[in-house]
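The residues making up each chain are set out below.
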Amino acid sequence: MSETPRIVVLPGDGIGPEIVAATTRVLDALGQFAYEERLMGGCSIDAHGTALTDEVLTACKAADAVLLGAVGGPKWDTTNPDAPRPEQGLLGLRKGMGLYANLRPVRPSPALVGASPLRQDRIAGTDLLVVRELTGGIYFGDSGRDGDVAHDTCEYSAAEVERIARTAFEAARRRGAGSDRKPRVTSVDKANVLETSRLWREVVTRVAPDYADVELDHLLVDNAAMQLVSRPAEFDVIVAENLFGDILSDEAAMLTGSLGMLPSASLGAAGDPGLFEPVHGSAPDIAGQGVANPLATFLSAALMLRHGLGRAADAERIEAAVDAVLARGLRTPDLAGDPVAPASDPGSPEETRVGTEEMTDAVLAELAA
Ligand code: NAD
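Residues numbered from 1 in each chain as written. Predicted model: local features only at pLDDT ≥ 70, side-chain atom pairs only at ≥ 80, totals over all residues. Heavy atoms only, no water.

Novice: Can you explain the packing of aromatic side chains? Please cite residues and give values.
Specialist: In total, this model carries three aromatic pairs according to the counting rule given. Plain terms: the ring middles of Tyr-156 and Trp-200 are 5.8 Å apart, the flat faces sit at 70° to each other, and that makes the pair edge-to-face. Taken together, the residues span a long stretch of sequence, with Tyr-156 in the loop between β7 (149–152) and α6 (158–176) and Trp-200 in helix α7 (residues 195–207) at a distance of 44 residues. One exposure class covers both Tyr-156 and Trp-200, and it is buried. Between Arg-163 and the ring centre of Tyr-100, over which it is positioned, the NZ or CZ distance is 4.0 Å. One residue, Arg-231, lies across the ring of Phe-235, its end atom 5.0 Å from the ring centre. (Phe/Tyr/Trp six-rings, centres within 6.5 Å; stacked < 30°, edge-to-face > 60°. Helix = DSSP H or I, 4+ residues; strand = E, 2+ residues; numbered from the N terminus. Buried < 20%, exposed > 50% of the residue type's maximum accessible area, 1.4 Å probe, protein only. Lys NZ or Arg CZ within 6 Å of the ring centre and 35° of its normal.)

Novice: Outline the pairing of strand β10 (residues 237–240), supporting the account with residue identities and numerical values.
Specialist: Every second residue of β10 is oriented toward a common face, with Val-237 and Val-239 on one face and Ile-238 and Ala-240 on the other, all of them buried. Pairing of strand β5 (residues 128–133) with β10, which is carried by four bridges, proceeds in the parallel orientation. Residue Val-131 lies in a different strand from β10, and its bridge partner there is Val-239. (Pairing = 2+ DSSP bridges.)

Novice: Lay out unusual backbone geometry in plain terms, naming residues and giving numbers.
Specialist: With a phi close to 40°, Ala-283 is a non-glycine residue in the positive phi region. Checked against the element boundaries, Ala-283 lands in the loop between β12 (274–278) and α10 (295–308). What makes Ala-283 partly exposed here is its relative accessible area of 23%.

Pasting the structure below:
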């Protein structure tokens, strides 16, 4: 990797350009980065007739990391199956960059635990990571219909399981670095019923001794779904195949209750660039108003620093700065006055409503402190 990391920036549509511009300001406070801004999504359809040009894909593959805002919006909604759609850019990137692992951390900021649909005593201390296999399993197997009968085939090879297991063990190791708790991977499957799950469990177990510093346990997916809501704070890294991971990562995301706070990373082979983006969409309803919450994108940049650029200390600085501004009571409108939040703790500071720029300035001030 070059000394000055080369980051392809894909602001995208809707609030994407606002939150990505805010994020490069935050990154600039941490060091030098060389940005290459490109079009992807609806804006690329307008300019080139396609959501992702070959040239942009090539630039992404040659970068050290890719930072994405969000794509889509009513302008490009269509029922014509032949018309280009913004999401095709996302799929093209995943495929073209070989991104087979999706990482979604769930760590409700202490100041926002009241936004969780769970009781505070259940959610407090939750800091988990869902690692989902992204390119195999039932979503990509043979499917078809014969009259009243339909089928979807789930298929995994040992090699596909091994590489995602390694991603999970390595992520656990990175998260555990510098902490006194032993990192743990919980592998999720349905090995009591499915043959692919038995292969999954066998391969994950075989890979585990290469990571003797990481504990491994196995959970059946139905049990995992229950435990995620009954004792979320006890999980560290959860690894699951595509379908189970899709469902569990959304269940885990809801634990925070705040869409504007959730980052994600998609990773490929070791050494290849990853793609880092907030979980939320392009929020066309608030685009251009200066009120978008940039924090999920800041936290995505933290994932980029930790998992993509090997700069864990800088990642922690961003995460701590985000926690600090929330603890001071700063809230973008999506976080302010959550109707499901219990009455504020009498000792907690008053909430102050801020826009994207003020929130960014506050994070920058924390980083400078
Ligand atoms: P959305 O996530 O864009 O918005 C859902 C609600 O959450 C909206 O009320 C929005 O204002 C709010 N919201 C989302 N992010 C916010 C933020 N950072 N700050 C403040 N409020 C925020 O989902 P949607 O409305 O279903 O989709 C809008 C468009 O985004 C669609 O075109 C959809 O296809 C696209 N989309 C893109 C991605 C992506 O780029 N990865 C993901 C999901 C949806």
